[in-house]
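The primary structure of each chain is shown beneath.
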Amino acid sequence: MGPPQVQEVLAVMTTPQAVRRASPRTRRKATTPAAPDPSAGLLPRTEPVRLLNPDGTALPACDDYPEPPVEALREMYRRMVVGRRFDVQATALTKQGRLAVYPSSRGQEACQVGGVLALRDTDWVFPTYRESMALTGRGIDPVEVLTLLRGDWHCGYDAAAMHTAPQCTPLATQCVHAAGLAYGESYQGRDTVALAFIGDGATSEGDFHEGVNFAAVFKAPVVYFVQNNKYAISVPLSRQTAAPSLAYKGVGYGVPSEQVDGNDPVAVLAVLTRAVEHARSGKGPFLVEAHTYRMEPHTNADDQTRYRDAEEVEAWRDRDPVARLEAYLRARGVLDDAAVAVIAEEAEAYAAALRDRMNAQPTVDPLSLFEHVYAEPTPQLVEQREQVRAELAAARDEEADA
């Protein structure tokens, strides 16, 4: 069509009659309701939830996350103080050769204690190797908690009785286990919630994605609690994800998420309480990312100076969760010098008892190495067991003759 024809068509289209004929359609299009946002209710806040300043002064109340009862916060403080003293003592035990390895969670006390305090005793915990403080905060015997890290072949405690899975060394495998147990409990009509502790590095593992996806599809009552302490051993967060925060990973699976200041004990407990209620009410899983920091090396075998500097570590000391909650409770008038001293004495007694019990040499039976390997021992295993039995007998005879 040449230019004269184009001008003719444009002239017709812009006549008043043509505009009037088009305007009803234009108005209908403008008033058509927008399609619902599929991410509504799933995305976390753009900034982590925070209810206390680093100095312990209160911030304005948050309607979505009401402050937990003051009695719960006082108990949280007690468990955090005892937990920190346990952590320091366990770290010392590695230097004395009483533990093979110990991953400290110092600096993450609010997350460790808040995670278990938000649950019922009948709920399940799925810990990583770093959750020793969480397990003692749940009431598990500290020697039993450290049994695995001592080098034994089992986790030390009765997992079924304590509703606590064995501490998990492989990254993220507990995400699948938590989804499976939670779905099974729900299928049987129980309102059990499973809480899976995971680190920031675990969100790069396939099991994390499989677990969250399964839980979302089948509405399994799971809370996935990511403790983002900025490093997966020596790998910084910037090498794990390009997302605004790890909490944004939930939206891809249709899972509501939130991010919280992991060194703010009040906010941590408030957010986790809501997450647990969400899961228990039949709405499916919830993902929480806590922004925190581990003050100690990854384990006692780690050289943290190779990947982070002292200035960074020192900056996080000003965000100490224990001091933060203590200052707040003192300001509320529910904690004073006498109460702080009593809790400190309790923590020292706890550490002393642990030290004495761990210094006692455990009695081990070398033949137990061959137990629980197979339901029916293989011929090779039987042969190996008998060789060890003969060597032990020979050693006893030699000692008797000496």
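All figures in this text were calculated on a predicted structure; none of them were measured in a lab.

**Student:** If you had to explain the overall build of the chain to someone new, which residues and values would you point to?
**Tutor:** Scanning the chain from N- to C-terminus turns up 14 helices and seven strands. Computed over C-alpha atoms, the radius of gyration of the chain comes to 28 Å, more than 25% over the 21 Å expected from 2.2 N^0.38 for 402 residues, which places it beyond the range of a compact globule. Expressed as a percentage of the 402 residues in the chain, the buried residues total 46%. Expressed as a percentage of contacts within the chain between residues at least 6 apart in sequence, the contacts between residues at least 24 apart total 74%. Accessible surface, the chain: about 20500 Å² in total, of which carbon and sulfur atoms supply 54%. Taken together, the 41 basic and 55 acidic charged side chains of the chain have centroids lying 11 Å from each other.

**Student:** Let's hear about the pattern of salt bridges: which residues, and what values?
**Tutor:** Counted under the stated rule, the structure contains 21 salt bridges. Of the charged contacts in the structure, one is a salt bridge between Arg330 and Asp337, with a shortest N-O distance of 2.8 Å. Residue class for Arg330 comes out partly exposed when judged on its relative accessible area of 32%. Where salt bridges share partners, they join Glu75, Arg78, Arg79 and Glu346 into one cluster.

**Student:** I'd like a description of the environment of Arg317, backed by residues and values.
**Tutor:** For Arg317, the location among the structural elements is in helix α11 (residues 310-317). It is 8.2 Å that separates the C-alpha atoms of Arg317 and Gly107, two residues lying 210 residues apart in sequence.

**Student:** Talk me through the environment of Arg84; I want residue IDs and the actual numbers.
**Tutor:** Following the sequence through the fold, Arg84 ends up in helix α3 (residues 70-95). With sequence-adjacent residues up to four places away left out, Arg84 is seen in contact with Arg106, Gly107, Glu109, Met133, Asp320, Pro321 and Val322.

**Student:** Give a detailed account of the packing of α3 against helix α13 (residues 337-359), specifying residues and quantitative values.
**Tutor:** Contact pair α3 / α13: the axes reach a minimum separation of 9 Å and the direction vectors enclose 35°. Where α3 crosses over α13, the two elements pack in a sense that is right-handed. Contacts from Arg74, Tyr77, Arg78, Val81, Val82, Arg85, Phe86, Gln89 and Leu93 in α3 reach Ala339, Val340, Ile343, Glu346, Ala347, Glu348, Tyr350, Ala351, Leu354, Arg355 and Met358 in α13. Along the lines of polarity and charge, the residues of the contact of α3 with α13 split into 13 nonpolar, one polar and six charged.

**Student:** Could you give an account of the packing of aromatic side chains, naming the residues involved and the relevant values?
**Tutor:** Per the counting criterion, the structure on display carries nine aromatic pairs. Where Phe86 meets Tyr102, the ring centres are 6.4 Å apart and the plane angle is 85°; that geometry is what we call edge-to-face. Of this pair, Phe86 sits in helix α3 while Tyr102 sits in the loop between α3 and α4 (109-117), placing them 16 residues apart in sequence. Tyr102 matches Phe86 in its accessibility class, with the two residues each being buried. Taken together, the aromatic side chains of Tyr183, Tyr187, Phe214 and Phe218 make up a single cluster linked through ring pairs.

**Student:** With reference to specific residues and values, describe the pairing of strand β6 (residues 257-261).
**Tutor:** Most of β6 sits inside the fold, with five of its five residues counted as buried. Covered by surrounding structure in β6 are Ser257, Gln259 and Asp261 together with Glu258 and Val260, the residues of both alternating faces. Pairing analysis gives five bridges linking β6 to strand β7 (residues 286-291), with the strands arranged parallel. Each residue of the ladder has a partner; that of Val260, found in β7, is Ala290. Each parallel crossover has a hand, and the one from β6 via helix α10 (residues 265-283) to β7 is right-handed.

**Student:** Can you tell me about the state of the cysteines, naming the residues and giving the values?
**Tutor:** Under the defined criterion, the tally for this structure stands at zero disulfides. Not engaged in a disulfide, the cysteine Cys155 finds its nearest cysteine sulfur in Cys168; these two sulfurs lie 12 Å apart.

**Student:** For the pairing of β7, give the residues involved together with the corresponding values.
**Tutor:** The element β7 is extensively covered by neighbouring structure, given that six of its six residues are classed as buried. Covered by surrounding structure in β7 are Phe286, Val288 and Ala290 together with Leu287, Glu289 and His291, the residues of both alternating faces. Where strand β3 (residues 222-228) lies against β7, six bridges are found, and the strand directions are parallel. Bridging from a neighbouring strand, Tyr224 pairs with Leu287 of β7.

**Student:** Describe a nonpolar patch on the surface, listing the residues and the values that go with them.
**Tutor:** Residues Phe214, Val217 and Phe218 make up a contiguous nonpolar surface patch of roughly 270 Å² in combined accessible area. Within the fold, Phe214 resides in helix α9 (residues 206-217). Overall, Phe214 belongs to the partly exposed group, its relative accessible area being 31%.

**Student:** Explain the sheet that holds strand β2 (residues 194-199) to me, and be specific about the residues and the numbers.
**Tutor:** With parallel pairing, five strands are arranged side by side in an open sheet as β1-β2-β3-β7-β6. Every interior strand has two partners, whereas the edge strands, β1 (124-126) and β6, have only one. Each neighbouring strand pair of the sheet contributes to a mean axis angle of 20°, computed without reference to strand direction. Strands β1, β2 and β3 of the sheet are contacted by helix α8 (residues 173-187), whose axis makes an angle of about 170° with β2.

Calculation criteria
Residues numbered from 1 in each chain as written. Predicted model: local features only at pLDDT ≥ 70, side-chain atom pairs only at ≥ 80, totals over all residues. Heavy atoms only, no water. Helix = DSSP H or I, 4+ residues; strand = E, 2+ residues; numbered from the N terminus. Rg over C-alpha atoms; globule rule 2.2 N^0.38 Å. Buried < 20%, exposed > 50% of the residue type's maximum accessible area, 1.4 Å probe, protein only. Contact = heavy atoms within 4.5 Å. Areas by Shrake-Rupley, 256 points an atom, 1.4 Å probe, with all protein chains shown as cover. Lys, Arg positive; Asp, Glu negative; His and termini not counted. Charge placed at Lys NZ, Arg CZ, Asp CG, Glu CD. Salt bridge = Lys/Arg side-chain N within 4 Å of Asp/Glu carboxyl O. Axes fitted to C-alpha atoms, helices over the stretch in contact; angles between N-to-C directions. Left-handed = near helix turned anticlockwise from the far one by under 90°. Nonpolar A, V, L, I, M, F, W, Y, C, P; charged D, E, K, R; others polar. Phe/Tyr/Trp six-rings, centres within 6.5 Å; stacked < 30°, edge-to-face > 60°. Pairing = 2+ DSSP bridges. Right-handed = clockwise from strand over helix to strand, strands pointing away. Disulfide = S-S within 2.5 Å. Patch = residues over 30% accessible without salt bridge, like charges linked within 9 Å, V, L, I, M, F, W, Y side chains within 5 Å.

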